[in-house]
Amino acid sequence: AASLLFRTAAHDGIGFNYNPGGNTLELKSFDATNNNFAIHASGNNVSNLKNILRAVSGGSVELYNNGTKTFETAGHGINITGGFIATGNSIVNDNGKIQLGTGGDLQLYHDGTNSVIDNLTGGLFIKGGTTNGITFQNRTGNETMARFLPDAAVELYYNGTKMLETNIPSGH
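Residues numbered from 1 in each chain as written. Predicted model: local features only at pLDDT ≥ 70, side-chain atom pairs only at ≥ 80, totals over all residues. Heavy atoms only, no water.

Trainee: Is there a simple way to explain the sheet that holds strand β13 (residues 154-158) in this structure?
Mentor: Note: strands within a sheet are paired through backbone hydrogen bonds, in either parallel or antiparallel orientation. If you trace the four strands from one edge of the open sheet to the other, you get β11-β12-β13-β14, paired in antiparallel fashion. A strand with exactly one partner marks an edge of an open sheet, and here the two such strands are β11 (134-137) and β14 (161-165). For this sheet the average axis-to-axis angle between neighbouring strands, irrespective of direction, equals 20 degrees. Pairing of β11 with strand β12 (residues 144-148) involves four bridges; the strand directions are antiparallel. Opposite Phe136, over in β12, you have Ala146 as the bridge partner. (Pairing = 2+ DSSP bridges. Helix = DSSP H or I, 4+ residues; strand = E, 2+ residues; numbered from the N terminus. Axes fitted to C-alpha atoms, helices over the stretch in contact; angles between N-to-C directions.)

Structure follows, in structure tokens:
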């Protein structure tokens, strides 16, 4: 069944409904009060409609999932409530920082010349796997510079050749 409705009651707005067998196109109503625009989920009872999208005049655009705001634009960029999954590359320009922690305590950035990991508080711990530990390699990944093996050796390399290795003296 298809329908088109225009409301002037509890919410000003228009609505579409298509939905034969789940191939949906449903924009049920919009709320034009206070110069805002909101798209609500479908439903027959106007008082029970949940926001899907809300555009605030002169302000933010908000996206909702099941009536809960999960994404909004802001003066500084965007706010995300909950996590996100990136399925492609993300680019941060030179001197733009990825800041982690409430006060931006851990920063990752490229200054145009160097790549920087800047820890502003506490210790910086790099944790490796239980078998292979941590390996530092050259940019192309074809030359090892250092290896740190759990419960075993620390190995230092020069030009891809192991030059120094720690071991446990016999009798220990």
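Trainee: Honestly, the layout of surface pockets in this entry has me stumped. Any pointers?
Mentor: Unoccupied space between atoms shows up once a probe the size of one water molecule is rolled over them. Empty space within the largest pocket amounts to approximately 300 Å³. Ile78, Ile80, Phe84, Ser90, Ile91, Val92, Lys97 and Ile98 together form the lining of the largest pocket. Elements supplying a minimum of two residues to the lining of the largest pocket: β7 (77-80) and β8 (97-100). For the lining of the largest pocket, the class distribution of residues is six nonpolar, one polar and one charged. (1 Å grid on protein atoms, 1.4 Å probe; cavity = no way out; pocket = protein on both sides within 12 Å on 5 of 7 lines; lining within 4 Å. Points joined across faces, edges and corners; volume = space filled by probe spheres on them. Nonpolar A, V, L, I, M, F, W, Y, C, P; charged D, E, K, R; others polar.)

Trainee: Just to check I follow, could you spell out the side chain of Glu72 for this structure?
Mentor: Structurally, Glu72 can be placed in strand β6 (residues 68-74). Residue classification places Glu72 among the buried positions, given a relative accessible area of 18%. When near neighbours in sequence (up to four residues on either side) are disregarded, Glu72 contacts Ser60, Val61, Glu62, Gly77, Ile78 and Asn79. (Buried < 20%, exposed > 50% of the residue type's maximum accessible area, 1.4 Å probe, protein only. Contact = heavy atoms within 4.5 Å.)

Trainee: Got a minute to help me understand the environment of Asp111 in this structure?
Mentor: The topology assignment puts Asp111 in the loop between β9 (106-110) and β10 (115-119). Classification of Asp111 by relative accessible area gives partly exposed; the value is 33%. Each C-alpha atom of the pair Asp111 and Asn93 lies 9.0 Å from the other, and the pair is 18 residues apart in sequence. Of the polar contacts made by the side chain of Asp111, one reaches the backbone nitrogen of Thr113; its length is 2.8 Å. Among the polar contacts made by the side chain of Asp111, one reaches the main-chain amide nitrogen of Asn114 at a distance of 2.5 Å. (Polar contact = N/O pair within 3.5 Å; in protein donor to acceptor, adjacent residues only side chain to side chain.)

Trainee: I tried to follow unusual backbone geometry on my own but got confused; where do I start?
Mentor: Negative phi is the rule for most residues except glycine; trans is the rule for most peptide bonds. Phi angles above zero are rare outside glycine, and Asn66 is one such case at about 55 degrees. Looking at where Asn66 falls in the secondary structure, it is placed in the loop between β5 (61-65) and β6. Take Asn66: its relative accessible area is 60%, and that puts it in the exposed class. Positive phi is not limited to glycine here, since Asp151 has a value of about 55 degrees. For Asp151, the position within the fold is in the loop between β12 and β13. Residue class for Asp151 comes out exposed when judged on its relative accessible area of 87%.

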